[in-house]
Amino acid sequence: MIALPLGMILALMLNYDIRFRVVFRTLIIVPWIVSQIVTALLWGWLLNPQFGPVNYFVREWFGAPFDFLGQTSSAMPTLIMTNVWRSFPYPMLLLLAALQTVPEEFYEAAKVDGATAVQRFWKITLP
């Protein structure tokens with residue numbers, strides 16, 4: 001439920017001609033390429049309460065480490081976040097491919113007709 005809107009937002013951002021667009025696309029697709037075992041090991045290391053980099057910053061800012069996976073209140077949101085991190089590139093790729101098939105003439109005609117950016121999004125981009 002979170003991966004699809006996040007994928008749409010990133011697809012919209014990457015559809016524009018920006019600097020280093022190829023680099024951004026490559027970096028964003030990495031979580032999808034990495035296997036689930038590597039993802040679990042990576043996030044297990046990042047969130048380790050004793051020597052993980054995330055807890056290093058938590059300890060520096062708040063004074064005490066936090067066990068993201070060991071607390072009942074934070075384990076499920078942490079797992080959801082890691083799953084979203086791993087799964088959002090796939091819908092982003094599909095949506096980006098769909099966005100690039102929309103002819104630019106549609107947007108130009110809508111601008112000439114006086115459509116706002118929101119109307120162009122809802123009437124041209126999203127369908």
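Keep in mind it's a predicted model, so treat the numbers as computed, not measured. (Residues numbered from 1 in each chain as written. Predicted model: local features only at pLDDT ≥ 70, side-chain atom pairs only at ≥ 80, totals over all residues. Heavy atoms only, no water.)

Peer 1: Lay out the layout of surface pockets in plain terms, naming residues and giving numbers.
Peer 2: A water-sized probe, rolled over the atoms, reveals where empty space remains. Its boundaries defined by the atoms lining it, the largest pocket holds a volume of some 410 Å³. Around the largest pocket, the lining is made up of 13 residues, and of these Asn 15, Tyr 16, Tyr 107, Arg 120 and Thr 125 lie nearest the centre. Of all the secondary structure elements, the ones that give two or more residues to the lining of the largest pocket are α1 (3-15), α7 (104-112) and α8 (117-125). Broken down by element, the lining of the largest pocket gets its largest block of residues, four residues, from α8. Among the residues forming the lining of the largest pocket, the class breakdown is seven nonpolar, three polar and three charged. By volume, the second largest pocket amounts to about 170 Å³. (1 Å grid on protein atoms, 1.4 Å probe; cavity = no way out; pocket = protein on both sides within 12 Å on 5 of 7 lines; lining within 4 Å. Points joined across faces, edges and corners; volume = space filled by probe spheres on them. Helix = DSSP H or I, 4+ residues; strand = E, 2+ residues; numbered from the N terminus. Nonpolar A, V, L, I, M, F, W, Y, C, P; charged D, E, K, R; others polar.)

Peer 1: Could you give an account of the packing of helix α3 (residues 36-46) against helix α5 (residues 72-87), with specific residues and numbers?
Peer 2: Interaxial distance between α3 and α5 falls to 11 Å at its minimum, and their mutual angle equals 135°. By the angle between their axes, α3 is oblique relative to α5. Like other packed secondary-structure pairs, α3 and α5 cross with a definite hand, here right-handed. Within the contact between the two elements, α3 uses Gln 36, Thr 39, Leu 42 and Trp 43 and α5 uses Met 81, Thr 82, Trp 85 and Arg 86. Grouping the constituent residues of the contact of α3 with α5 by class yields four nonpolar, three polar and one charged. (Axes fitted to C-alpha atoms, helices over the stretch in contact; angles between N-to-C directions. Parallel < 35°, antiparallel > 145°, perpendicular 65-115°, else oblique. Left-handed = near helix turned anticlockwise from the far one by under 90°. Contact = heavy atoms within 4.5 Å.)

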